[in-house]
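Listed below, chain by chain, are the residues.
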Amino acid sequence: MSKRIISLVIGLAICVSSLAFGIVIKKASDSNDVFAADSMKDGAVLENIAATTVGDAGSLLAYDKSIGEYVLTDDVTITKSGASGNPTYKALLGIFEGTADATDSKTLNGLGHTITTEVALFDEIGNCNIKNLNVVGSITVENSDLVTVSDTQTAFGVIAAVAYNPVTLEGVNVDVDVTYTGNSGSNSLFVGGLIGYG
């Protein structure tokens, strides 16, 4: 219990300090804490990304040309043992992972869908927007799951371990139990319910 409280306090402190580094966290405009998944808006023009280099058959991620955003078309479950073979997870990583140097901003719109996960969504993200997404589950973090920030710093976050300017989170609701079983040694460990280090 004390580990969870410590993680929550650290996570809140990091989220507050993240505002100074260009990470914007917005409250959902909806009064509900959890978004309800809506059907696609009228006029949605979905492009099947399975034909692209980042997409696989069976992916629940599509590109909506009418709004210029990547959208989830249904709820997603990502298990730790099956993450590398999950077509939606692979597509998410292919598009958003490591986008710190990207020149064009990308948006992931969950459309109110829920990702149930046993792993962090990303190691590093940048120059992106994530919105209207619910993330639930339980993650057991080992040392191999930590992202190296510097020689003396490591990080873990449910959405991303590290976020580079600019990143906007809007209406992203996270309800994930995180248990750390490793040992960071003399390194500083940054843990966040949303972003670990930014």
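Sequence order as written defines the numbering, with residues in each chain counted from 1. Residues qualify for local features only when their pLDDT is at least 70, as the model is predicted, and side-chain atom pairs are given and counted only at 80 or more; totals for whole chains, interfaces and linings, by contrast, use all residues. To obtain the side-chain values, all non-hydrogen atoms of the structure were used and water was disregarded.

Overview of the overall build of the protein chain
Logical step 1: Helix and strand assignments follow DSSP, with helices taken as H or I runs no shorter than four residues and strands as E runs no shorter than two, numbered in order from the N terminus. On a plain count of helices and strands, the protein chain comes out with two helices and 13 strands.
Logical step 2: Buried positions account for 40% of the 198 residues belonging to the protein chain.
Logical step 3: Per-residue accessibility takes into account occlusion by the displayed protein chains alone, with areas from the Shrake-Rupley method and a 1.4 Å probe. With an accessible surface of roughly 10000 Å², the protein chain has 51% of that area assigned to carbon and sulfur atoms. The classification of residues rests on relative accessible area computed with a 1.4 Å probe and restricted to protein chains. Under 20% of the type maximum is buried, over 50% is exposed, and intermediate values are partly exposed.

Here's the deal with the sheet that holds strand 10 (residues 153-157)
Logical step 1: Pairs of strands are assigned from DSSP output, requiring at least two bridges between the strands. Overall, mixed pairing links the three strands, which are arranged 9-10-12 in an open sheet. Looking at strand neighbours, the two that pair on one side only are strand 9 (147-150) and strand 12 (188-192), the edges of this open sheet. Ignoring strand direction, the axes of neighbouring strands in this sheet form an average angle of 30 degrees.
Logical step 2: Bridging between strand 10 and strand 12 involves five bridges; their strand directions are parallel. Of the residues in strand 12, the one forming a bridge with Ala 155 is Phe 190. Angles run from 0 to 180 degrees between N-to-C directions of axes, and those axes are lines fitted to C-alpha atoms, restricted for helices to the stretch in contact.

Details of the confidence of the model for the protein chain
Logical step 1: Along the chain, pLDDT gives the predictor's confidence residue by residue, from 0 to 100. Across the protein chain, the average pLDDT comes to 76, with 69% of residues at or above 70.
Logical step 2: By mean pLDDT, helix 1 (residues 2-18) is the weakest element of the protein chain at 40, and strand 7 (residues 114-117) is the strongest at 96.
Logical step 3: Here a residue-residue contact requires only that any non-hydrogen atoms of the pair lie within 4.5 Å. Below pLDDT 50 for its whole length, residues 1-23 participates in 28 contacts with residues either more than four positions away or in separate chains.
Logical step 4: Taken together, the stretch residues 25-43 has pLDDT below 50 and engages in 33 contacts with residues farther than four places along the chain or on a different chain.

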